[in-house]
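One-letter residues, chain by chain:
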Amino acid sequence: MNEQWLVGIDLGGTTIKMAFINYYGEMIEKWEIPTDKTGEHITTDIAKAIDAKLDELGLPKSKLSGIGMGAPGPVDLENGLIYETPNLGWVNYPLRAHLELETGLRAVVDNDANIAALGEMWKGAGDGAKDIICVTLGTGVGGGLISNGEVIHGVNGAGGEIGHITVVPEGGALCGCGKTGCIETIASATGIVRIAKEKLELTDQESILKNYPELTSKDVFDAANQGDTLAEEVIDYVTFQLGLMLANVSNGLNPEKIVIGGGVSKAGDKLITKVEQNFKRFAFPRVGQAATITIATLGNDAGVIGGAWLAKTKLNNN
C-alpha cells in the first residue's frame, strides 16, 4: 500500500478546490477552502489545508508526490509564473516557487482552462483522444487546446484563448479583455443574457422572458424549449457564432473531440445539436468529419483531475 497520491488544485475566484488523486486518476479525497481575495495568503492557506487533510487521514507528507495547480490568467509553465490575475492583484507572481516553499512539495502550475481540458482528456469526455478543443461557457468563455496530448501555450502563455476570437468585427459589445466583439460577449452566460435583454428592448413581440426580473441564460434555454420565438432567435444566434468560431479553430487544429463545458453546457442536446449544425457548415469538410462535439462530463472536478494529470506527467521525469 505504498502508492503515492497527487494533489490537484483549482484556484477559483471564490473557492480553491483541492483533491488527493491516485495515479489512475481516481479521486481519493476532495474538499475546498475559501479564496483569499487579496491573493497574499493563498499558498499558505493551501499548505495548511493539505497538512490538515493529511492529519485527518493519519498520513505522512511522503504520501504525496507533487502538486498540479490551475490558476486564472496567462501562465508561464516553465517557471510557474502567473503573468497577471487582476482580481487577485497578481502581476508576474512566482506562484510555483511560493507553493513549493510553503508545502515542501514539488509543484507545476498552468492556466485553469488548460488543466480543465487535461482533466477532460484524461478522465472525462475526451475519452482518450489526444487532439481536443475544450471550451468552457461560464461567466466568460475559457478555452484549452490540446494537440497530440500537449496543451498549446504559445510564446507568452496566451495560447488557447479562444474566448477572445473576434466574431463581430465591427460594432461588437465590449469584452472584459478590452477588445470588442469577442465570442465571450456572445456565448458566455453573461453574453446570452445581454443579447436577450437587447432583443426584448427592441421588439414588441410577446416573450415569456419579459416575466423574469433576474434573467439567466438557463431561462433563455428553457423559454426556447417551450417554443418562445424570441428565445429561440437568441439561441440560434449564439449557436451560429459558436459553431463558426469552433469551425475556424478546428480548421487549424483538426481535433478529434470538441468538449463543451461550463454552466451554459447544462443546456445539453439543444445546445450541441445547433452548434454542430453550424460547425459542420463552416468547417473544412474533412475537419468536420473527424470531430465529435460532446458535453464535458467532469463538471467542477475537471480542474483538480487535470492538475493531478499535470503533476503526474510533468514532475515524474525531473
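Residues numbered from 1 in each chain as written. Predicted model: local features only at pLDDT ≥ 70, side-chain atom pairs only at ≥ 80, totals over all residues. Heavy atoms only, no water.

**Q** Honestly, the overall build of the protein chain in this entry has me stumped. Any pointers?
**A** Along its length, the protein chain carries 10 helices and 13 strands. With the C-alpha coordinates of the protein chain rotated into their principal frame, the extents come out at 65 × 45 × 35 Å. Taking all 318 residues of the protein chain together, 52% fall into the buried category. Considering only contacts in the protein chain between residues 6 or more positions apart, those separated by 24 or more positions represent 59%. In the structure as shown, the protein chain presents an accessible area of about 14400 Å², 50% of it carried by carbon and sulfur atoms. Each charge class in the protein chain was averaged separately, 26 positive and 40 negative side chains, and the resulting centres sit 4 Å apart. (Helix = DSSP H or I, 4+ residues; strand = E, 2+ residues; numbered from the N terminus. Buried < 20%, exposed > 50% of the residue type's maximum accessible area, 1.4 Å probe, protein only. Contact = heavy atoms within 4.5 Å. Areas by Shrake-Rupley, 256 points an atom, 1.4 Å probe, with all protein chains shown as cover. Lys, Arg positive; Asp, Glu negative; His and termini not counted. Charge placed at Lys NZ, Arg CZ, Asp CG, Glu CD.)

**Q** Honestly, the side chain of T239 in this entry has me stumped. Any pointers?
**A** Its place among the elements puts T239 in helix α7 (residues 229-253). Beyond its immediate stretch of four places on either side in the chain, T239 contacts L271, K274, V275 and N278.

**Q** How should I be thinking about the nonpolar core in this particular structure?
**A** General note: in soluble globular proteins, nonpolar side chains tend to be found buried as a group. Formed by 44 residues in total, the largest nonpolar core has its most connected members in L137, L209, V220, L246 and I260. Contributing elements (two or more residues each) for this core: β9 (132-137), β10 (141-147), α4 (184-187), α5 (189-202), α6 (217-225), α7, β12 (257-261) and α8 (269-282). Setting aside residues no more than four positions away along its own chain, L137 makes contact with A187, L242, I260, G261, G262, G263, V264 and L271. Listed in part, the 28 residues of the second largest apolar core include L54, L64, V75 and A107. (Core = buried A, V, L, I, M, F, W, Y, C linked by side-chain atoms within 4.5 Å.)

**Q** Help me out: how do you make sense of the pattern of salt bridges in this one?
**A** Pairing is possible between side chains of opposite charge, provided their charged atoms come close. Here the structure, examined in full by the defined rule, presents 9 salt bridges. A salt bridge links K218 to D222; the shortest N-O distance between them is 2.8 Å. In this pair, K218 and D222 both sit in helix α6, 4 residues apart, roughly one turn of the helix. The exposed category is assigned to K218, whose relative accessible area is 55%. On the basis of relative accessible area, D222 is assigned to the partly exposed category, the value being 25%. One connected set of salt bridges, linked through shared partners, spans E29, K53 and E56. (Salt bridge = Lys/Arg side-chain N within 4 Å of Asp/Glu carboxyl O.)

Fair warning: the whole summary comes from geometry, so function is off the table for now.
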